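# Secondary and tertiary structure notes
Here is how the chains run, residue by residue.
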Amino acid sequence: MHVRDPTVWMWGEALEMLERADRLHRRFFQLGAAGQARPTWEPPVDVFETARQFIIVVALPGVSAEQLQIDIDGHAILVRGQRRQPPAAAAGLIHRLELPYGHFERRIELPGRMLRLGTRVLADGCLTLTLDKLEGAP
């Protein structure tokens, strides 16, 4: 009878979890779709729905409100802009560069409803958008 050593099993599970976390981290800030006029990256988003609204949280560390453009296009919202490198990046030697810089664009498709942009709050490195569902829309 083969008895499985619990420490070997736990170590294997831990390694598998680390690999999954690494894959997720690499996908966190991924490049946008090919064929765009310039290279872009896509920030990660969370989307929540209530009876009257959609709430969208977009991770945009180091992006100011002046660097953002938000458009509603039918049943989708488009968030785009640019994240600039800090002055220290141009003046010094970069040892690690994990956060993306440059132009970003994220198109978020929402279920077939007409929407109106309500509030937009940029705080703590996240953009929070509230989209109101319009009455009479499916």
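Residues numbered from 1 in each chain as written. Predicted model: local features only at pLDDT ≥ 70, side-chain atom pairs only at ≥ 80, totals over all residues. Heavy atoms only, no water.

### Side note on the overall build of the chain
When helices and strands are counted, the chain shows two helices and nine strands. Going from the N terminus to the C terminus, the chain shows its helices and strands as α-β-β-β-β-β-β-α-β-β-β. For the chain, buried positions account for 26% of its 138 residues. In the chain, of all internal contacts separated by at least 6 residues, the share reaching a separation of at least 24 is 55%. Within the structure as shown, the chain displays about 9800 Å² of accessible surface, and the carbon and sulfur contribution to it stands at 57%. (Helix = DSSP H or I, 4+ residues; strand = E, 2+ residues; numbered from the N terminus. Buried < 20%, exposed > 50% of the residue type's maximum accessible area, 1.4 Å probe, protein only. Contact = heavy atoms within 4.5 Å. Areas by Shrake-Rupley, 256 points an atom, 1.4 Å probe, with all protein chains shown as cover.)

### Re the pairing of strand 8 (residues 115–123)
As defined by bridge partners, strand 8 adjoins strand 9 (residues 126–133) across seven bridges and the pair is classed as antiparallel. If you follow Arg120 over to strand 9, its bridge partner there is Leu129. Here strand 8 folds back onto strand 9 in antiparallel fashion, the turn holding two residues, of which Asp124 has a positive phi close to 55 degrees. (Pairing = 2+ DSSP bridges.)

Nothing here speaks to function; it is all geometry.
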